[in-house]
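Letter by letter, the chains look like this.
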Amino acid sequence: MTRENLFLTGTAMLLVLAQSTAANAQSALPEGQRDERGAGLQDIVVTAQKRTENLQKVPLVVNVVDQETLKDQALTRFDQLNTLVPNLTARPRSGGTDFEIRGLGNFQTGEPAVQTYIDGVYMPSRETTSADLPDVASIQVLKGPQGTLFGRNATGGVIVLTTEAPPSTFRGRGEFSYGTYETASGRIWLGGPISNTLGFTASANYSRQGEGWGRNLINGDDVYRLFYDLNTRGKLVWQPGDATTVTLIGDYQHRKSNRYANYQPLLDTVARAGRGGTPYVRTSNLYNSSANYHNIFKFEGGGGSARIDQDLPCGIKLMSLTSYRKLSNRYAFTSDGPNPDPTVLIVDQRRRTASQEFQFTSPESDKFTWVAGVYLFRDIYNVDPLGILFPVSLAPITGQRQDSRTRTNIGSAAIYAQGVYSILPGTRLTVGGRYTYELRKYRGQSTVLTAAGASVPGGVFQDNITIKRPSWRLALEQDFSDQVTGYVSYSRGVKSGGFQPLATIPTNLTPLPSPFKDELLDDVEAGVKTKLFDNRLRLNIAGFHYSFRNIQLTSYASGATVQALVFTGGDATVYGLDADFEAKLSDDFTLRGGLGLIHSRFKGGVLIDFLQPNPAGGAIATRQDPRGNDLPYAPHISGNIGLNYDHEFAFGKINLNSTVSHVGKQYVAADNFVRLPSTTQLSASVGWTSRSGRLTVQLWGRNLTNAILYAQVVNNANVGYLADVAEPRTYGLTFRVNFGG
């Protein structure tokens, strides 16, 4: 029996064993009897299936992070979520955050396979997720294809963030933090009623970093520095009657940083500084930089949404959600190291998105419930320009500058429906489907500014593709008891095809072939959700098996180009395990943890660039089949375990929190040459809250093991292997004041 079959057989046995597990749990503590030490765990409510449900009755893997957990662990950013959620990789990259769930995510070109929603609105740009977390009520991480209810391209999963609702009485909180690297941040949140029918929330966050994590050894700049980060958000909730609720939300972000693209040669490789440039090696401190340029990243964006919830006379609920977002950003950096005459890459991006969703939800029923809707989406994405400034020494060959200007226009419409039918008492069948129509239009052109100053335009490339694809979900649940529920499911996910980036090759301005194909993913899962020992232990376990067709892989073309290409046509399989638990050990102690196991393999069918180090600098590329290799960013093991202590003393409440997270070794590309080492992080905090609850003082530390966390690895034949690193050990002090209420 193969390991794959053995795993699937073992996972299926979880369902067979569920009934006996429930019986043992009930004998340990009679149903309904509370432990003398205090109450059990609180139920967790989620909206993973577009309606409010108990987490333990949802037939899919959902990890939930609430506001208190974020505060206890002093977590403030999206890229810190992987310390709490197994099988989730979160990497700060190119001004945003790249997510991979179960080895599937943003290593692909185009829109991310792991989608992020904030208050129901899809955020297609990674830059939106690099800001500080807003006024979070909860974060739900849905694993596996979510195409039926969340739609476009959600093959890896969905991250759903919900912000706080207006409270019934006026209250607020202010917070100030100061930590290592002269990092200061301030937050304020206000909320309450304006009238009997109108409530509000308003929040603002501002952060700055006075000292970088490292220093540029060439020009003396602080690098890995956040110059400023401003985030504001406001919400109005109006209830003109018992049957109607109107919610208006607006947000704005403005950020400047050089935390990105401070590349150094990776491991024991030698990079090459530019086309035909000289070799260079990395510095002894990975947080220092030897780039002969002032790298910078700027971002500005925001948007608004209007949601109307209406109870119809027949008991059906109607929801309308309208959104509009606009953003712009600029990257300017070099990967040429200490070269006194570097090649510089400048990228200016602008994006506008709009969406409209109409959703109908059935009344609550023990027999049959359903949700159905229509979703419309528009995305206009401009890169103008993607420019390469060449060294003066190369200008006679390459020209002074090459620019690519591209415009991608996406229009999408979908209808969806999902129903849950109670076949027998305790047995439920879920059937859902979605049909998506999508039109993608693309236009691009390259231009070269010659050494003599003449502008030479290349050919204009324009094309469009139409995508018409169904996706679906089937699930069967069985309540073995009030404490144990098992399920099996089968889902189809679709990731849209698209167009190759425009080439910028000095001797040939003809764009690269286009388009690339849709990616299809079939997911089979089986899981058990349990509440044991009078609800003092919540233990959820699931096994999954992915089958890919036409998997989309990003690689780099051999030769002169420095841009990514998307290769399709190959197949792959991924299977593994998701497990998470929460245990209330006593009134004061709570233990939480999770474990993720992944086995991924390419099955072949596509040729991509394999790179090997060139002793003279850079790398040598050959086109090969990745059959038998791991998928990128799919560590075989990841996990976390954390202990939280809360106790009321006469002088106030003491909170102690400690979390250890581990991520195993992982490859960064399909050629499986570069393998990042495993990392183990320790985070801890000590907090005191006054008896009144008005004042909190917290001492915190993140990545106390000072593990080297790689944010991004770039590997291509021109420069070789370059790496960017993420946050080192940090610690600091937070003061929080609550008022009102």
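The structure under discussion appears in the preceding block.
Note that the structure is a prediction, hence the values are computed from the model and not measured.

Draft legend 1. Seen up close, the overall build of the protein. The helix and strand tally for the protein stands at four helices and 43 strands. Split into buried and exposed, the 741 residues of the protein put 59% on the buried side. Contacts in the protein between residues far apart in sequence, at least 24 positions, make up 68% of those at least 6 positions apart. With an accessible surface of roughly 28,900 Å², the protein has 58% of that area assigned to carbon and sulfur atoms.

Draft legend 2. Summary view of unusual backbone geometry. Along the chain, Asp384 connects to Pro385 via a cis peptide bond; the corresponding omega equals 0 degrees. Position of Pro385 relative to the elements: it lies in strand 24 (residues 368-389). The backbone of Tyr633 shows a phi angle near 50 degrees, a positive value even though the residue is not glycine. Of note, Tyr633 is situated in the loop between strand 34 (619-624) and strand 35 (637-649). Under the relative-accessibility criterion, Tyr633 is labelled buried at 6%.

Draft legend 3. Representation of the nonpolar core within the structure. Counting residues in each nonpolar core, the largest one holds 23 residues, and the members touching the most others are Leu70, Phe78, Phe99, Leu133, Ile139 and Leu161. Sorting the residues of this core by element identifies strand 4 (88-93), strand 5 (96-101), strand 7 (114-118), strand 9 (136-143), strand 10 (157-163) and strand 22 (317-333) as the ones contributing at least two each. Among the elements that line this core, the one with the most residues is strand 9, at three residues. Setting aside residues up to four positions removed in sequence, Leu70 forms contacts with Val65, Leu75, Leu81, Leu133, Val136 and Ile139.

Draft legend 4. Quick peek at a positive patch on the surface. Taken together, Lys326, Arg350, Arg352, Arg378, Arg407 and Lys441 make up a surface patch of like positive charges. With a relative accessible area of 52%, Lys326 lands in the exposed category.

Draft legend 5. Local environment of the pattern of salt bridges. Counted according to the given criterion, the structure contains 38 salt bridges. When the shortest N-O distance is used, the salt bridge between Asp379 and Arg351 registers 2.7 Å. Pair noted here: Asp379 is in strand 24 and Arg351 is in strand 23 (residues 344-361), with a separation of 28 residues, a long-range link. Using a relative accessible area of 1% as the deciding quantity, one classes Asp379 as buried.

Draft legend 6. Geometry of the sheet that holds strand 3 (residues 62-66). Pairing in this open sheet of five strands is mixed, and the strands run 3-9-10-7-8 from one edge to the other. The outermost strands of the open sheet, each flanked by one partner alone, are strand 3 and strand 8 (121-122).

Draft legend 7. The arrangement of the environment of Arg77 in detail. Within the secondary structure, Arg77 sits in the loop between helix 2 (67-72) and strand 4. Residue classification places Arg77 among the buried residues on the basis of a relative accessible area of 11%. Residues Arg77 and Pro134, spaced 57 residues apart in sequence, show a C-alpha to C-alpha distance of 9.0 Å. If we skip the residues at most four places from it in the chain, Arg77 touches Ala131, Asp132, Leu133, Arg259 and Glu727. A distance of 3.0 Å separates a polar atom in the side chain of Arg77 from a polar atom in the side chain of Asp79.

Draft legend 8. Region of interest: the sheet that holds strand 42 (residues 720-725). Within the open sheet, the three strands sit side by side as 18-42-41. Their pairing is antiparallel. In this open sheet, the two edge strands, each paired with only one partner strand, are strand 18 (264-265) and strand 41 (710-716). Relative to strand 42, strand 41 runs antiparallel, the two being bridged by six bridges. Counterpart to Gln712 in the pairing with strand 42 is Asp724.

Draft legend 9. Representation of the environment of Ser412. Relative to the helices and strands, Ser412 resides in strand 25 (residues 401-424). Separated by 36 residues in the primary sequence, Ser412 and Leu376 have C-alpha atoms spaced 5.8 Å apart.

Draft legend 10. Here's a closer look at the packing of aromatic side chains. Taken as a whole and judged by the stated rule, the model has 18 aromatic pairs. One aromatic cluster in this structure is built from Tyr117, Tyr122, Phe150, Tyr375 and Phe377. Over the ring of Phe150 we find Lys50; its NZ or CZ atom is 4.6 Å from the centre of that ring. Geometry around Phe227 places Lys256 over its ring, the cationic atom sitting 5.3 Å from the centre.

Draft legend 11. Inspection of a nonpolar patch on the surface at higher detail. Among the surface-exposed residues, Phe368, Tyr421, Ile423, Leu424, Leu429, Val431, Leu474, Leu476 and Val488 lie close enough to one another that they form a single nonpolar patch of about 720 Å² accessible area. Residue assignment for the nonpolar patch shows that the elements contributing at least two residues are strand 25, strand 26 (427-449) and strand 27 (455-479). By residue number, the principal contributor to the nonpolar patch is strand 25, which donates three residues. Its location among the elements puts Ile423 in strand 25.

Each value, and the rule that gives it
- Residues numbered from 1 in each chain as written.
- Predicted model: local features only at pLDDT ≥ 70, side-chain atom pairs only at ≥ 80, totals over all residues.
- Heavy atoms only, no water.
- Helix = DSSP H or I, 4+ residues; strand = E, 2+ residues; numbered from the N terminus.
- Buried < 20%, exposed > 50% of the residue type's maximum accessible area, 1.4 Å probe, protein only.
- Contact = heavy atoms within 4.5 Å.
- Areas by Shrake-Rupley, 256 points an atom, 1.4 Å probe, with all protein chains shown as cover.
- Core = buried A, V, L, I, M, F, W, Y, C linked by side-chain atoms within 4.5 Å.
- Patch = residues over 30% accessible without salt bridge, like charges linked within 9 Å, V, L, I, M, F, W, Y side chains within 5 Å.
- Salt bridge = Lys/Arg side-chain N within 4 Å of Asp/Glu carboxyl O.
- Lys, Arg positive; Asp, Glu negative; His and termini not counted.
- Charge placed at Lys NZ, Arg CZ, Asp CG, Glu CD.
- Pairing = 2+ DSSP bridges.
- Polar contact = N/O pair within 3.5 Å; in protein donor to acceptor, adjacent residues only side chain to side chain.
- Phe/Tyr/Trp six-rings, centres within 6.5 Å; stacked < 30°, edge-to-face > 60°.
- Lys NZ or Arg CZ within 6 Å of the ring centre and 35° of its normal.

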